[in-house]
Amino acid sequence: MVHYGDSQPLQACLHSILEDPSPVHREIAVADNSANLAVSDLPTGVRYLPLPENPGFGAGLHRALESLEKARREEQHPPFQAYILLNHDVCLAPGYLSAAICALYPEESEAPSQGQQLIAAAAGPLYLDESKTQLWYAGGSVRPLLGIVQQSRNPQDALRPRDVSFLTGAALAVNPRIFATVGGFDEGIFLYNEDLDLSLRWIRGGYRLRFAPRLIATHRLGSATGSAQRSALYLEEITASRFRPFRPFLLRLWLACLHSAYLVLRILRLWAPPNAFSMSKTRALLRGYRRALAKLHHPPRVIGSDSLPRDLAL
């Protein structure tokens, strides 16, 4: 997982992993992008990687995975069955880890039958409260011509296992071999939309994305970045990465034109009526949009299978 800011959500996240009664072995690594934790703050056995340079969410996860894989090779342990990638403000429901293995490998044998597509990753219902009354994610679909994700919050969808075209990166179970083959997150994305980019690359690669109702977790939305309040940081970063996941270039160019109008509407909304944050948020949106346009031509910066063990690549 990646930590940033307050350590309290992280402590709750770690305890939910350690206390999960699933009969699976687990190894935990924390990439600390704010470098404000002490090793004594963490339970025994948790690997700690202080990253004061703050390389971003996806890059932080890569450093954590590389640390776990290095230790696995040195100790000559078998390959991991799953990576569980988490925001630090997520708590897993009991049984999550077993459910993750079942979702990634639904057949008794891990070898796919003739013509069967492998499942690259799985995610489940995310709630904003422990009482499970506020559903935040119940599967998602991508609308490429609009450059948006439609994220279901329908309680009925939370009970329905199915293939989807978008999985949130807040709590994500991943097949390690496919992660290494496709290349992991685009490290050119600092924050937000890295999960959209990876979802689309998995689908382009011919893999399935699975919504699994048993993968239940709670999410303290925006505890690090203020996304729940549409902070200036959130507005800039989500705007800066808005076009990067989409291919080909002509589609990104179309989206840049389309979202120019959307940008104007968002700014007008910030000033109706004006408040103390209108100017700072307007500047954040404009900075983010300039960054998005500057990177329209830039190719993705993925880690490639060389950064993870060669025996993982398919």
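All values reported here derive from a predicted model rather than from experimental measurement.

How each quantity is defined
Residues numbered from 1 in each chain as written. Predicted model: local features only at pLDDT ≥ 70, side-chain atom pairs only at ≥ 80, totals over all residues. Heavy atoms only, no water. Helix = DSSP H or I, 4+ residues; strand = E, 2+ residues; numbered from the N terminus. Rg over C-alpha atoms; globule rule 2.2 N^0.38 Å. Buried < 20%, exposed > 50% of the residue type's maximum accessible area, 1.4 Å probe, protein only. Contact = heavy atoms within 4.5 Å. Areas by Shrake-Rupley, 256 points an atom, 1.4 Å probe, with all protein chains shown as cover. Phe/Tyr/Trp six-rings, centres within 6.5 Å; stacked < 30°, edge-to-face > 60°. Arc of directions from axis to C-beta. Expected span 1.5 Å × (residues − 1). Pairing = 2+ DSSP bridges. Axes fitted to C-alpha atoms, helices over the stretch in contact; angles between N-to-C directions.

A. Spotlight on the overall build of the protein. Within the protein, the regular secondary structure consists of eight helices and 14 strands. Relative to the 2.2 N^0.38 estimate, which gives 20 Å for 314 residues, the radius of gyration of the protein is 19 Å and therefore close to what a compact globule would have. By its C-alpha atoms, the protein is 55 × 50 × 40 Å across when sized along the principal axes. Counting only residues that meet the buried cut, the protein has 51% of its 314 residues in that class. When contacts within the protein are restricted to residue pairs at least 6 apart in sequence, those whose partners lie at least 24 apart make up 72%. Surface exposure of the protein reaches about 14,900 Å², of which carbon and sulfur atoms provide 56%.

B. The packing of aromatic side chains, seen in detail. By the definition in use, this model includes eight aromatic pairs. Both rings, one in Phe57 and one in Phe185, keep their centres 6.4 Å apart while their planes meet at 65°; by these two values the pair is edge-to-face. Separated by 128 residues along the polypeptide, Phe57 in helix H2 (residues 57-74) and Phe185 in the loop between helix H4 (176-182) and helix H5 (194-204) bring together distant segments of the chain. Comparing Phe57 with Phe185, the two get one shared label, buried.

C. View of helix H1 (residues 8-18). Taken together, the buried positions of H1 are occupied by Pro9, Leu10, Cys13, Leu14, Ser16 and Ile17. Mapping the buried residues of H1 onto a view down its axis gives an arc of 160°, with all of them on the same face. Residues of H1 that are buried make contact with strand E1 (2-3), strand E2 (29-32), strand E4 (83-86), strand E5 (90-92) and helix H3 (96-104).

D. Summary view of H2. The end-to-end C-alpha distance of H2, which contains 18 residues, comes to 26 Å, matching closely the 26 Å that a straight helix rising 1.5 Å per residue would cover. Phe57, Gly58, Ala59, Gly60, Leu61, His62, Ala64, Leu65, Leu68, Glu69, Ala71 and Arg72 are the residues of H2 that are buried. On its buried side, H2 packs onto E1, E2, strand E3 (47-50), E4, H4 and H5. A positive backbone phi angle near 55° is found at Gln76, which sits one or two residues after H2.

E. Representation of the sheet that holds E3. As summarised here, the arrangement of the three strands in space is E1-E2-E3, forming an open sheet in which the pairing is parallel. Where the open sheet ends on each side, the last strands, each with one partner, are E1 and E3. One ladder, built from two bridges, connects E1 with E2; its direction is parallel. Bridge pairing in E2 places Val2 opposite Ala31. Here H2 sits on the sheet and contacts E1, E2 and E3; the angle it forms with E3, its principal contact strand, is near 140°.

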